[in-house]
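Next come the chains, spelled out residue by residue.
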Amino acid sequence: MAKTKFIFVTGGVMSGIGKGVATSSIGRILQSKGYSVTAIKIDPYINVDAGTMTPTEHGEVFVTDDGLETDQDLGNYERFLDTNILSGNYMTTGRVYLSVINRERNLEYGGKNVEVVPDIPLEVILRIKKVAKTTKADFVMIEIGGTVGEYQNVLFLEAARMLRMEKPQDVIVFLVSYLPVPNKIGEMKTKPTQYAARSLNSVGIQPDFILCRSEEPIDDVRKSKIALFCSVPKDHVIASPDVDFIYEIPVNYDNEKLAEKILSSFKLKKKKNDLTKWKSEVERIRKIDREIRIGVVGKYFNSGSFVLADSYISVIESVKQAAWSNGFKPKIEWISSEEFEQDPKSINRLKEMDGVIIPGGFGSRGIEGKIKAVEFLRKNKIPLLGICYGMQIICIEFARNVCGLKGAHTTEIDKEAKYPVIDIMPEQKKNLREKNYGATMRLGAYPAEIKTGTIAYEAYKAKSISERHRHRWEVNPEYIEILEKNGLVFSAKSPNGKLMEIVEIKQKDHPFLVGTQFHPEFGTRFMKPQPIFNAFMKAVVKGKK
Ligand code: GLN
């Protein structure tokens, strides 16, 4: 296809209605018609990237292959579109302003007065076009964070308006809106969506499609109402009811012939029709009735009196995918490690789990509870996958309780630790000294070499792998020998042999106790479980209670 088409996705009424999944699903059905698709996420924050935000504030920090700390929606794009999304596909207000200001400092505006409008939207457009050029995708989807009517995303909407002015044939705009059914009224209300469409109109944008998020599918009467009051053809008002699991959504959109409608807006035709495998997989998953219980021992769950699973979304999707691939539905249970510190007996709860994951983390809160959890899982032979911090904690527990190094710790918590089995990477010391925190961790994909005859090799069936990282600390090289002597196996290392990438305990001693310094959860795609998660799940299923 010669000219790239641009699809903006905006949100109305409220956040959290699944705009990221909607964007991914629209992309997926366009792919199924024979077109290539990429997706961009725009976050309205001043933060230059998502790396400095706490997960309870912002949700998971998703790391791209080329090492940018971004929004969890990029993870959805990758899992749905089965393609790597790179750093150019992520923007924040801070990022955009920073490059405009830097350019101004370099005299690149030639002495001109640099202004919020049009220079900020022009920078946004530049970045969007760059993605089109480098990916050569037929469709570039652009999801604008937040909801229309907020101050924060106005400049991004302005970019959408300007790009449409420039290329009227090549740009369409979606409004993903929410239609509530208030309890006492018992009727689906369209008014908030009408206001959202008007908010878009007030910044010069007429939506082409309205995706109606609601509990039950929107009915015909209300579709007509929205069409009339929001000036959208009725067949562009699309039902998007709640689903049991998100991978059903492309199937629903396909049933609504959404891809065909989008293609016809651009005067394009479908080249093939290929959602069959996806559909049959969704059907297969729906029929799975065997369940396994997976505990996630972490700490980034609580937001007021609500439990937020968003901090671990890629871990959850990886667990689900691996479980489905092995014919099980996972029941994921959130276990706060601080509980084990306050009430030591509560650790017995882990016995009810078929397998446990200790995901990545930072800082001291809850760490002793996690160390206790590892000890319990090791002794009770319950499958455990430790990710990043989880892997480091496996090493600390092993040093303390198997190697007899009482007082072993990470220098992240205890700078004076008697046995600093986990220590800061030499190149990271300067960053911390200079308070240079933003985007300075060891980030993105790095290669690792796997030792044959190990659980890791069995999982990957490959000698070299590449996985994504996000850390400053590492296994202290001075403790490798003693850990190995006592039975810990370092089954994958960086190519120069210096960095420990996977640790494990021999399978004859434990069904599955593996830790990865990298984040395997960023490698999962729908229908393609990530190898380490898959190996973990096979062990879980084998030992299922
Ligand atoms: N806090 C640890 C480190 O920086 C682990 C980070 C993580 O789990 N992502 O090394």
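None of the values given here were measured: they were computed from a predicted structure.

Draft legend 1. Inspection of the side chain of Glu412 at higher detail. With respect to the helices and strands, the residue Glu412 is situated in the loop between strand S16 (408–410) and strand S17 (419–424). Those residues in contact with Glu412 that lie beyond four places of it in its chain are Phe362, Gly363, Tyr389, Gln392 and Trp473.

Draft legend 2. Highlighting the site of the ligand. As a structural note, the neighbourhood of the ligand is formed by Gly360, Gly361, Phe362, Cys388, Tyr389, Gln392, Glu412, Arg470, His471, Arg472, Trp473 and His519. Take Gly361: an N or O atom from its main chain is 2.9 Å from an oxygen atom of the ligand. Within the backbone of Arg472, one N or O atom sits 3.0 Å away from an oxygen atom of the ligand. In isolation the ligand has 300 Å² of accessible area, and contact with the protein removes 99% of it. Those elements that place two or more of their residues in the shell around the ligand are helix H15 (389–401) and strand S19 (464–471). Tallied by class, residues from the shell around the ligand come to four nonpolar, five polar and three charged.

Draft legend 3. Representation of the pattern of salt bridges in the model. Going through the model one piece at a time under the given rule, you end up with 48 salt bridges. One salt bridge in this structure joins Glu104 and Arg105, with 2.8 Å as the shortest N-O distance. Overall, the relative accessible area of 31% leaves Glu104 in the partly exposed class. Taking the relative accessible area as the measure of exposure, Arg105 reaches 63% and is therefore exposed. Here Lys331 and Glu333 are joined by a salt bridge, their closest N and O atoms 3.2 Å apart. By relative accessible area, Glu333 is classed as buried at 11%. In this structure, a network of salt bridges that share partners links the residues Asp65, Glu78, Asp82, Arg468, Arg525 and Lys528.

Draft legend 4. Inspection of unusual backbone geometry at higher detail. Here the residue pair Val117 and Pro118 is connected by a cis peptide bond, since its omega of 10 degrees sits within 30 degrees of zero. Checked against the element boundaries, Pro118 lands in helix H5 (residues 116–135). Phi at Asp82 takes a positive value of approximately 50 degrees, unusual for a residue other than glycine. One can find Asp82 in the loop between helix H3 (73–81) and strand S5 (90–92).

Draft legend 5. Quick look at the sheet that holds strand S13 (residues 329–336). Strand order across the open sheet formed by nine strands is S13-S10-S14-S15-S23-S22-S21-S18-S19, with mixed pairing between neighbours. Each of the sheet's edge strands pairs with one partner strand only, and the pair in question is S13 and S19. For this sheet, the mean inter-axis angle between neighbouring strands, taken without regard to orientation, is 30 degrees. Pairing geometry for strand S22 (residues 500–505) and strand S23 (residues 513–516), over three bridges, is antiparallel.

Draft legend 6. Inspection of the pairing of strand S14 (residues 355–358) at higher detail. Neither face of S14 is exposed, since Gly355 and Ile357 on one face and Val356 and Ile358 on the opposite face are all buried. Sheet topology note: the strand S10 (residues 291–298)/S14 ladder contains three bridges and is parallel. The residue of S14 that forms the bridge with Ile294 is Gly355. Viewed along the sheet, the connection from S14 through helix H14 (residues 367–379) into strand S15 (residues 384–387) turns out right-handed.

Draft legend 7. Here's a closer look at the environment of Ser177. With respect to the helices and strands, Ser177 occurs in strand S7 (residues 171–178). For the pair formed by Ser177 and Asn84, sequence separation is 93 residues and the distance between their alpha carbons is 28 Å. When neighbours within four sequence positions are excluded, Ser177 is seen to be in contact with Gly12, Val13, Ile17, Thr193, Ala196, Ile210, Leu211, Cys212 and Arg213.

Draft legend 8. A look at the sheet that holds strand S20 (residues 473–475). Strand order in this open sheet of three strands is S16-S17-S20, and the pairing throughout is mixed. On the outer flanks of this sheet lie S16 and S20, each paired with one strand and no other. Between one strand and the next, the sheet's axes are offset by a mean angle of 30 degrees, whatever the strand orientation. Looking at chain direction, S16 and S17 are connected through three bridges and run parallel.

Draft legend 9. Up close: the packing of aromatic side chains. Per the counting criterion, the structure on display carries 13 aromatic pairs. With a centroid separation of 5.5 Å and 80 degrees between ring planes, the pair formed by Tyr35 and Phe139 is classed as edge-to-face. Pair noted here: Tyr35 is in the loop between helix H1 (19–32) and strand S2 (37–43) and Phe139 is in strand S6 (residues 139–144), with a separation of 104 residues, a long-range link. Owing to a relative accessible area of 6%, Tyr35 belongs among the buried residues under this scheme. Judged by its relative accessible area of 0%, Phe139 is buried. Their ring planes at 40 degrees and their centres at 5.8 Å tell us that Phe80 and Trp278 sit as a pair that is tilted. Residue Phe80 is located in helix H3, and its partner Trp278 is located in helix H11 (residues 276–287); the two are separated by 198 residues in the primary sequence. Aromatic ring contacts, followed pair by pair, group Phe80, Phe245, Tyr247, Trp278, Trp324 and Phe526 into a single cluster. Positioned above the aromatic ring of Tyr35, the side-chain terminus of Lys271 is 4.4 Å from the ring centre. Geometry around Phe328 places Arg290 over its ring, the cationic atom sitting 4.3 Å from the centre.

Draft legend 10. Structural view of the packing of H5 against helix H6 (residues 154–166). Closest axis-to-axis distance for the H5/H6 pair is 8 Å, and the angle between their directions is 70 degrees. As the angle between them shows, H5 and H6 are arranged roughly perpendicular. In this structure, H5 crosses over H6, and the sense of that crossing is right-handed. Where H5 approaches H6, its residues Val116, Val117, Pro118, Ile120, Pro121, Leu122, Val124, Ile125, Ile128 and Lys129 are matched on the opposing element by Leu155, Phe156, Glu158, Ala159, Met162, Leu163 and Glu166.

Draft legend 11. Geometry of helix H7 (residues 191–202). Compared with an ideal rise of 1.5 Å per residue, which puts 12 residues at 16 Å, H7 spans 16 Å between its outermost C-alpha atoms and is within 8% of the ideal. Along H7, the positions that sit buried rather than exposed are Thr193, Gln194, Ala196, Ala197 and Leu200. Buried residues of H7, seen end-on, are gathered within an arc of 160 degrees and therefore sit on one face of the element. Across H7 from its buried face, at more than 90 degrees, point the exposed residues Tyr195 and Ser202. With its phi angle positive at about 85 degrees, Gly204 sits one or two positions after the end of H7.

Conventions used here
- Residues numbered from 1 in each chain as written.
- Predicted model: local features only at pLDDT ≥ 70, side-chain atom pairs only at ≥ 80, totals over all residues.
- Heavy atoms only, no water.
- Helix = DSSP H or I, 4+ residues; strand = E, 2+ residues; numbered from the N terminus.
- Contact = heavy atoms within 4.5 Å.
- Near = heavy atom within 4 Å.
- Polar contact = N/O pair within 3.5 Å; in protein donor to acceptor, adjacent residues only side chain to side chain.
- Areas by Shrake-Rupley, 256 points an atom, 1.4 Å probe, with all protein chains shown as cover.
- Nonpolar A, V, L, I, M, F, W, Y, C, P; charged D, E, K, R; others polar.
- Salt bridge = Lys/Arg side-chain N within 4 Å of Asp/Glu carboxyl O.
- Buried < 20%, exposed > 50% of the residue type's maximum accessible area, 1.4 Å probe, protein only.
- Pairing = 2+ DSSP bridges.
- Axes fitted to C-alpha atoms, helices over the stretch in contact; angles between N-to-C directions.
- Right-handed = clockwise from strand over helix to strand, strands pointing away.
- Phe/Tyr/Trp six-rings, centres within 6.5 Å; stacked < 30°, edge-to-face > 60°.
- Lys NZ or Arg CZ within 6 Å of the ring centre and 35° of its normal.
- Parallel < 35°, antiparallel > 145°, perpendicular 65-115°, else oblique.
- Left-handed = near helix turned anticlockwise from the far one by under 90°.
- Expected span 1.5 Å × (residues − 1).
- Arc of directions from axis to C-beta.

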